Amino acid sequence: MDTLVPFAVALVVITVASLRYHLPPFLTLVGTSVLFGLLAGMPVETLMPAITGGAGRIFSILGIVIFCGVGIAQVLRESGRIADIVADIRGLVRRPLGTAGAAGYLLSVPLMCGITSFVILAPILTHLRPDPQASKILLYSAGVAGMISYVLLYPAPVINSTVTALGLFSGEPWTIDLVALPVSLLLLAGFLLVLRARTPPEAPPAEPAPPAGGRNLRAWLPFLVILLMLAIGSLVPPLHALANINLALLAGLFAALATVSDDTRQKALARGTKNAGIIIFDLAGAGAFGGVIAASAFPADVTALVLGFLPITLLPFVIAALVQAAQGSRVVTATVTATILATIPAVAAIDPLALVLMISAGAFMFSYVSDPFFWLLKRTTGDDFSAVVRNYTLPLSAAGLVTLAVALVIQAGL
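Note that the structure is a prediction, hence the values are computed from the model and not measured. (Residues numbered from 1 in each chain as written. Predicted model: local features only at pLDDT ≥ 70, side-chain atom pairs only at ≥ 80, totals over all residues. Heavy atoms only, no water.)

Visitor: I'd love a proper account of the overall build of the protein, names of residues and values included.
Guide: Check the secondary structure of the protein and you find 18 helices and zero strands. Here the C-alpha radius of gyration of the protein, 21 Å, is about what a compact globule of 414 residues would show, namely 22 Å. Each principal axis of the C-alpha distribution contributes one length, and for the protein these read about 65 × 50 × 45 Å. Put simply, the protein has 414 residues, and 54% of those count as buried. Of the contacts formed within the protein by residues at least 6 apart in sequence, a portion of 77% connects residues at least 24 apart. (Helix = DSSP H or I, 4+ residues; strand = E, 2+ residues; numbered from the N terminus. Rg over C-alpha atoms; globule rule 2.2 N^0.38 Å. Buried < 20%, exposed > 50% of the residue type's maximum accessible area, 1.4 Å probe, protein only. Contact = heavy atoms within 4.5 Å.)

Laid out in structure tokens, this is it:
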């Protein structure tokens, strides 16, 4: 149990560095990686390769995905086409609350980042309701809805990282969505129903949503290209390479760039590169921390602790929840948890789909001060800590418990 106390110290250090000193996540997480490794008794010649290897692994898995997703988002934002997408969704959903939830849910997967989709939606959603309290609820709706699809659906980075690190569902990762999609929609519907009961009555829209047209088709083009490539690659064996998510996202980005002016293209790429760099560095910092955890005795210590009180089937969930609490990045949670579980032979007894869902369930838990999105929501809404916990942390934890229940049912073979 020698690494459990250093892990607890690491949680405190991350919290203090974030709350008190407002240090950037990359610096906080890399510094905490060194501290944890030294406290856990790791020699420097092992510690530093674990840090750089963990950071490099995250970049190799998500570097292209994040750059392309953020690039597409920035092109849509610079060209004003996000408003077209929201108008199309509102034309189908009608109500602002449903529009916010549907937009967040739909955009976070192709943009490969729940935070990015929220950032580009927030300025639009705040104009759907003039009442400040109702406007805040729309922001929470989009934020939580985006996280639901981001954590549960393939090919979003959380599930993608899990199946890649564990080598699961080779050639058929889409089958995960046969279960994950209805579960995510159930969670989304339940969350929107709860928010609806708390939302002030809305007046009829001042003006109808604009009809769909050629301009709106251009707004959806990057996503259509991504989906088309993934579908062709999955259904046509000779073209299986097209199903590679990196190629699909690259094609989507080039499609977006091809439909805008040179000035818009240059602005989008400049700002998108900057934003993608920040996201990738933050994720790489979390990957460094995860690499040190995986290289230490922490997996064995947690396994021994959990198996003393809980069955092996709960181990993936517990580890994922602890890692999520430590560093806040759901992608890193999935990658680190999968890396740890790959070293534990007993995990092979768990059904692959149940295993994936358990890790996702843990990634929903404890979204608090170590989670960058917590702070983004707090700044955007202007709410205090208790309000963000009530409207963001607790709903995601509830989603995690529901997902865990589904995983246990699958594991039981019911």
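Now that the structure is up, let's keep going.
Visitor: Break down the pattern of salt bridges for me, with residues and values.
Guide: Applying the stated criterion across every chain yields a total of four salt bridges. A salt bridge links R265 to D262, with the shortest nitrogen-to-oxygen separation between them at 2.4 Å. Taken together, the positions of R265 and D262, both in helix α12 (residues 262-295) and three residues apart, correspond to about one turn of that helix. With a closest N to O distance of 3.5 Å, D263 and K267 form a salt bridge. On the criterion of helical spacing, the pair formed by D263 and K267 is a turn pair, its members being four residues apart in helix α12. In this structure D263 comes out as partly exposed when scored by relative accessible area, which is 46%. Of the residues examined, K267 reaches a relative accessible area of 37% and is grouped as partly exposed. (Salt bridge = Lys/Arg side-chain N within 4 Å of Asp/Glu carboxyl O.)

Visitor: Residue-level account of the environment of L4, with values.
Guide: By secondary structure assignment, the location of L4 is in helix α1 (residues 4-19). Linking L4 and L121, residues 117 residues apart in sequence, is a C-alpha distance of 40 Å. Each residue touching L4, except ones within four places of it in the same chain, is listed here: F298, D301, V302 and L305.

Visitor: Provide a residue-level description of a nonpolar patch on the surface, including the pertinent values.
Guide: A cluster of nonpolar side chains, namely V12, V16, Y21, L23 and L27, defines an oily patch on the protein surface of about 470 Å² accessible area. Within the secondary structure layout, L27 lies in helix α2 (residues 25-39). (Patch = residues over 30% accessible without salt bridge, like charges linked within 9 Å, V, L, I, M, F, W, Y side chains within 5 Å. Areas by Shrake-Rupley, 256 points an atom, 1.4 Å probe, with all protein chains shown as cover.)

Visitor: Account for the nonpolar core, with residues named and values stated.
Guide: In terms of nonpolar packing, the biggest core is built from 132 residues, with I66, I82, I85, F118, L315, L341 and Y392 touching the most fellow members. Each residue touching I85, except ones within four places of it in the same chain, is listed here: L76, L107, A219, W220 and F223. (Core = buried A, V, L, I, M, F, W, Y, C linked by side-chain atoms within 4.5 Å.)

Visitor: Before we move on, could you go through the packing of helix α16 (residues 352-364) against helix α18 (residues 385-412) and cite the residues and values that matter?
Guide: Interhelical geometry of α16 versus α18 gives an angle of 165° and a closest axis separation of 8 Å. When the axis of α16 is compared with that of α18, the two are roughly antiparallel. When you trace α16 past α18, the crossing you get is left-handed. Of the residues in α18, those touching α16 at L353, A354, L357, M358, A361 and F364 are L396, S397, A399, G400, T403, L404, V406, A407, L408, I410 and Q411. (Axes fitted to C-alpha atoms, helices over the stretch in contact; angles between N-to-C directions. Parallel < 35°, antiparallel > 145°, perpendicular 65-115°, else oblique. Left-handed = near helix turned anticlockwise from the far one by under 90°.)

Visitor: How would you summarise helix α9 (residues 177-198) if you had to cite specific residues and measurements?
Guide: With 22 residues, α9 should reach 32 Å at 1.5 Å per residue; the first-to-last C-alpha distance of 31 Å fits that figure. Buried within α9 are the following residues: D177, A180, V183, S184, L187, L188, F191, L192 and L195. Taken end-on, α9 shows its buried residues confined to a sector of 165°, consistent with a single buried face. Opposite its buried face, α9 presents the exposed residues L178, L186, L193, R196 and A197, each directed more than 90 degrees away. (Expected span 1.5 Å × (residues − 1). Arc of directions from axis to C-beta.)

Visitor: Account for unusual backbone geometry, naming residues and giving values.
Guide: Within the chain, F366 stands out as a residue other than glycine whose phi angle is a positive 55°. Inspection of the secondary structure puts F366 in the loop between α16 and α17 (372-381). Taking relative accessible area as the criterion, F366 reaches 43% and is therefore assigned partly exposed.

Visitor: Now, about the environment of L227: what can you tell me, with residues and values included?
Guide: Its location among the elements puts L227 in helix α10 (residues 214-235). Owing to a relative accessible area of 53%, L227 belongs among the exposed residues under this scheme. With 16 residues separating them along the chain, L227 and A243 place their C-alpha atoms 9.2 Å apart.

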